[in-house]
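For reference, the chains in residue letters:
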Amino acid sequence: MRDLVTLSHIEGGIALITIANPPVNALSRELLEQLGRRIEEAAAAPGCRALVLCAAGRTFVCGADITQLDQPITAANDAFNPVMDLIESLPKPVVCAMHGMALGGGLELAMACHYRIAHAQTRMGLPEVTLGILPGAGGTQRLPRLAGAKAALDMISTGRMIDADTALALGLIDGLTAQSDAAQAGLEHARHILEQGLPPRPTRGLAVDSGGLDAEALKQALDTAGRNTTHPAARAIVECIQAAITLPFSQGRELEGRLFEACRASDTSAALRHLFFAEREAAKLPGIPSSLQRRPIHHIGVIGAGTMGRGIIMNFLDAGISSVLVDANRDALENGVAQIRKTYESRVARGRISAARSEAALALLAPSLDYADLGQCDLVIEAVFEDMDVKTAVCRQLGMICKPGAIIASNTSTLDVDALARASGRPGDFLGMHFFSPAHVMRLLEIVRGRGTLPEVLATVNALAKTLRKVSVISGVCYGFIGNRMLESYLRETDFLLMEGATPRQIDQAIEEAGLAMGPCRMLDMAGIDVAAKVLLEQGKAGIRPSDPAYRAVVGRLFERGRLGQKNHLGYYRYEGRDAIEDPEVAMLCEALARQHGIARRDHISNSEIFERCLFPLINEGCRILEEGIAYRTGDIDIVWTKGYGFPDHRGGPLFMADRIGLPTILERLAHYSRAQGNEHGYWTPADLLAAHAASGRPLSQWQAPAPTHEPA
Ligand SMILES: NC(=O)c1ccc[n+]([C@@H]2O[C@H](COP(=O)([O-])OP(=O)(O)OC[C@H]3O[C@@H](n4cnc5c(N)ncnc54)[C@H](O)[C@@H]3O)[C@@H](O)[C@H]2O)c1
């Protein structure tokens, strides 16, 4: 068995216990068992007068092994509380010395010690709520006793980290140290405690300072949290804090245990844990060794100073990378630079960054009207109009002017990346970098792996995404990649439902009630009806638009009528300021289209039909994306939808949700709509993968991709 906890006896009767479980000293069952034994040994050693607990490596304990949350936690198998109790009840003072970060179970362990000190740069927090649970090892009962109930409620319900100064001011720690060696700092503090004759100070025995959180404030907090029906931990946390104020420690912790288990077993927590692991997995490139040499990226270029180009370049400026912004049009370039400046000014005005930081970022920006200024860039991203002819010409030019070894990327949303790669004449150096709007805010980056993209190019851009603080997901080449391809069927059904008699408001409400951030009609109005219509036009040119004349007919007609969405206050809705108002003209337009295409109108369309018709084909398309090897993993698709398309985290993404709904149910509903709507264009044909999983009972989340090959085609 590995030694995860060591005990060394130090002079002066102080025992030093060190946790060593790299990289982040996460607590596991095995580690806690060893910790319990070492503490008992230390306390029983002759002459031992005090104990110091610290961790080796770059940080104190950053949480617990999350995979253990797949099993129920009961009093019988609880590995945490017995160790915490053992520490707290020792008749000798126990000092915890923290450095780096103390998170989750790590901070709970520290709080069970009698005294705490931390290196001045230490950050502390209880982020369990982000996984849909609450701190279950006494954290909800000990934090209010140390930091006050109000601060505890804030920390636990937001999951926010605090710095060491704040922790000291709150009383969570007893002292700060500049000493970088946590063990030495802890030993010094233990000597001080012994010299002062300070006794053990069990946290459970301390009184709770409500910090202004009176009965009325608690009631309000309970009501507010109780309305959050998708996140059961929200209310459970307030209940635990209330218990810390009103009940003895043991009863409070008993309640904490029960509520912890209820939250752990909830669908929300399962979904959030799935996304936590999916995000980590998405960063991995199967078949590409992590040791592969990456290309250096010190200087980049972006072409197109429009909505996307501006946002994209700010990611690089924020990361301290010098950047050239090129546009063919002087006004567009000047406007783009002015918008970038405005964004930084607003960040400064809102106190988000310092004026100096803003100036430093802007100093890295070099606007230009001349493509020749891109010649020395390590990476160039084109973000010009979504038009195949324009993009082809731009990529051809980039192939000629970029220096050897430069990476060339396209931010296209839907066009054929392989065709653009061929146009550049450098398919090995070429890939897609699909940012989402607003690109300086949205965390998702779809990296599109072309048939010829070299592994080192893929690895370089994947690592760069991390530098830019993006969550990257790799997609193969296909129409719309992962996200926009799945969106297509969702928008298709939106227009059909409108023609059949549903209203934009009804559709948006049904989708928003299912938890999505924004319904499809509001979303299209925001993105621009012209943008959507142009995509349809390009589909036609590329021969990939269904032959169905009614296909997305509403968006096409809105565009013809000059309704461009929010930008001219007319789209699926009419806008008064930001208010979207239903417009009888749109209802008439949909009715006329229904007549034109022979679509039967209905008086009532249920919300569940809207949900199923918009989301089940989307799930079905996700299955095709898996079977075609476009996405590496189920979780990658869920990350794209939760990080880029406003799909609710508490549902874990469309494919995680599909498993929860039940694949046989989805299959049966696809068959139902195939009968009800007809299936001339294959809209309702189930993906083989969906049918196979529904038949075998295997969840989609267990789908394993065959190992990808990275042989350039
Ligand atoms: N807007 C979005 O929500 C979004 C999201 C993801 C991806 N995209 C993609 O990003 C790209 C740009 O979209 P946008 O919304 O920023 O467009 P936009 O119209 O706002 O900006 C395009 C810019 O490119 C410039 N330009 C056009 N041809 C050029 C050329 N040959 N050389 C140099 N500059 C040229 C134009 O002057 C304009 O400033 C498109 O491929 C689009 O599909 C857009």
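The shown structure was predicted, so the numbers you read here are calculated from the model rather than taken from an experiment.

Caption draft 1: Quick peek at the overall build of the chain. Each helix and strand counted, the chain has 28 helices and 19 strands in total. A compact globule built from 713 residues should have a C-alpha radius of gyration of about 27 Å, and the chain, at 29 Å, falls within 12% of that. Referenced to the eigenvectors of the C-alpha coordinate spread, the extents of the chain come out at roughly 90 × 60 × 50 Å. When the 713 residues of the chain are sorted by exposure, 55% land in the buried category. Partitioning the contacts of the chain with sequence separation of at least 6, the portion at a separation of at least 24 is 73%. Roughly 29400 Å² of accessible area belongs to the chain as shown, and the carbon and sulfur atoms make up 53% of that amount.

Caption draft 2: Structural detail: the site of the ligand. The full set close to the ligand counts 24 residues, and M308, D327, Y371, E386 and K391 are the nearest of them. Between an oxygen atom of the ligand and a main-chain N or O atom of T307, the distance comes to 3.1 Å. Within the complex, 79% of the 830 Å² of free accessible area of the ligand lies under protein. Contributions of two or more residues to the shell around the ligand are made by α12 (307-318), α15 (388-401) and β15 (430-435). Its residues assigned to classes, the shell around the ligand shows twelve nonpolar, nine polar and three charged.

Caption draft 3: Quick peek at helix α13 (residues 330-349). A rise of 1.5 Å per residue sets the reference length of α13, with its 20 residues, at 28 Å; its end C-alpha atoms lie 28 Å apart and thus fit the reference within 8%. Buried positions along α13 lie against α12, β11 (322-326), α14 (355-363) and β12 (365-368). Where α13 begins, the capping side chain belongs to N329, and its oxygen is found 2.9 Å from the backbone nitrogen of D331. Backbone geometry just after α13 places G351 at a positive phi near 75 degrees.

Caption draft 4: Summary view of the sheet that holds strand β5 (residues 101-103). With mixed pairing, three strands are arranged side by side in an open sheet as β5-β7-β8. Of all strands in the sheet, those with a lone pairing partner are β5 and β8 (162-163), marking the two edges. Alignment of strand β7 (residues 123-125) against β8, held across two bridges, turns out to be antiparallel. Note that in β8 the partner of M124 across the bridge is I162. Most of the contacts of helix α3 (residues 105-112) go to β5, to which it runs at about 90 degrees, and overall it touches β5 and β7.

Caption draft 5: Geometry of the packing of helix α9 (residues 232-246) against helix α10 (residues 249-264). Contact geometry for α9 and α10: axes closest at 9 Å, N-to-C directions at 175 degrees. Put simply, α9 runs roughly antiparallel to α10. Residues P232, A233, A236, E239, C240 and A243 of α9 touch α10, and the partners they reach there are G252, L255, E256, L259 and C263. Considering only residue class, the contact of α9 with α10 consists of eight nonpolar, one polar and two charged.

Caption draft 6: Up close: the environment of L86. Mapped onto the fold, L86 is located in helix α2 (residues 80-88). Distance from L86 to I39, taken between C-alpha atoms, is 8.2 Å for residues 47 residues apart in sequence. Not counting the four nearest positions on each side in its chain, L86 is found in contact with G36, I39 and E40.

Caption draft 7: Representation of the pattern of salt bridges in the model. Per the stated rule, a full pass over the model turns up 46 salt bridges. Measuring nitrogen to oxygen at the nearest pair gives 3.0 Å for the salt bridge that ties E88 to R142. In this pair, E88 is assigned in helix α2 and R142 in helix α4 (residues 139-147), connecting sequence segments 54 residues apart. A residue is classified by how much of its surface remains accessible, and R142, at 0% relative accessible area, is buried.

Caption draft 8: Broad picture of the packing of aromatic side chains. Applying the stated criterion across every chain yields a total of nine aromatic pairs. Ring centres of F436 and Y645 lie 5.4 Å apart, and the angle between their planes is 80 degrees; this geometry places the pair in the edge-to-face category. With F436 in the loop between β15 and β16 (444-448) and Y645 in the loop between α25 (634-644) and α26 (654-661), this pair connects stretches of sequence that are 209 residues apart. Seen in terms of ring centroids, Y673 and W684 are 5.4 Å apart; in terms of plane orientation they differ by 35 degrees. Their pairing is tilted. Here W684 lies in the loop between α27 (663-677) and α28 (688-696) and Y673 lies in helix α27, a separation of eleven residues in the sequence. Like W684, Y673 is buried. Put simply, the rings of F436, Y490, W641 and Y645 pair up and form one aromatic cluster. The lysine or arginine in question, R492, covers the ring of Y683, its NZ or CZ lying 4.1 Å from the ring centre.

Rules used throughout
- Per chain, the residues get numbers from 1 upward, laid out in the order the sequence is written.
- Side-chain atom pairs in this predicted model are given and counted only at pLDDT of 80 or more, local residue features only at pLDDT of at least 70, and totals for whole chains, interfaces and linings cover all residues.
- Note that water and hydrogens are dropped before the side-chain values are worked out from all heavy atoms of the structure.
- Helix numbers and strand numbers start at the N terminus; a helix is a DSSP run of H or I with at least 4 residues, a strand a run of E with at least 2.
- Radius of gyration: C-alpha atoms only; globule rule: 2.2 Å multiplied by the number of residues to the exponent 0.38.
- Burial classes: relative accessible area under 20% of the type maximum marks a residue as buried, over 50% as exposed, and values in between as partly exposed (1.4 Å probe, protein chains only).
- We call two residues in contact whenever any of their non-hydrogen atoms come within 4.5 Å of each other.
- To measure how exposed things are, a 1.4 Å probe is used in the Shrake-Rupley method; for residues, cover is taken only from the protein chains shown.
- Nearness of a residue to a molecule or strand requires only that one of the residue's heavy atoms be within 4 Å of it.
- Polar contact is defined as a pair of N or O atoms within 3.5 Å, subject to the rule that within protein one atom must be able to donate a hydrogen and the other to accept it, and that residues adjacent in sequence are counted only when both atoms are side-chain atoms.
- Three classes are used, and their members are as follows: Ala, Val, Leu, Ile, Met, Phe, Trp, Tyr, Cys and Pro are nonpolar, Asp, Glu, Lys and Arg are charged, and the others, Gly among them, are polar.
- Multiplying one less than the number of residues by 1.5 Å gives the expected span of a helix.
- Between any two strands, at least two bridges found by DSSP are needed for them to pair.
- Orientation is described by axes fitted as lines to C-alpha atoms, over the contacting stretch for helices, and by angles from 0 to 180 degrees between their N-to-C directions.
- Working definition: roughly parallel below 35 degrees, roughly antiparallel above 145 degrees, roughly perpendicular at 65 to 115 degrees, and oblique for all remaining angles.
- For salt bridges, the criterion is a side-chain nitrogen of Lys or Arg within 4 Å of an Asp or Glu carboxyl oxygen.
- Working definition: a ring pair exists when centres of Phe, Tyr or Trp rings (six-membered ring for Trp) sit within 6.5 Å. Plane angles under 30 degrees give stacked, over 60 give edge-to-face, the rest tilted.
- Whether a charge lies above a ring is judged from NZ of Lys or CZ of Arg, which has to be within 6 Å of the ring centre and within 35 degrees of the ring normal.

No statement about biological role is implied by the geometric values presented.
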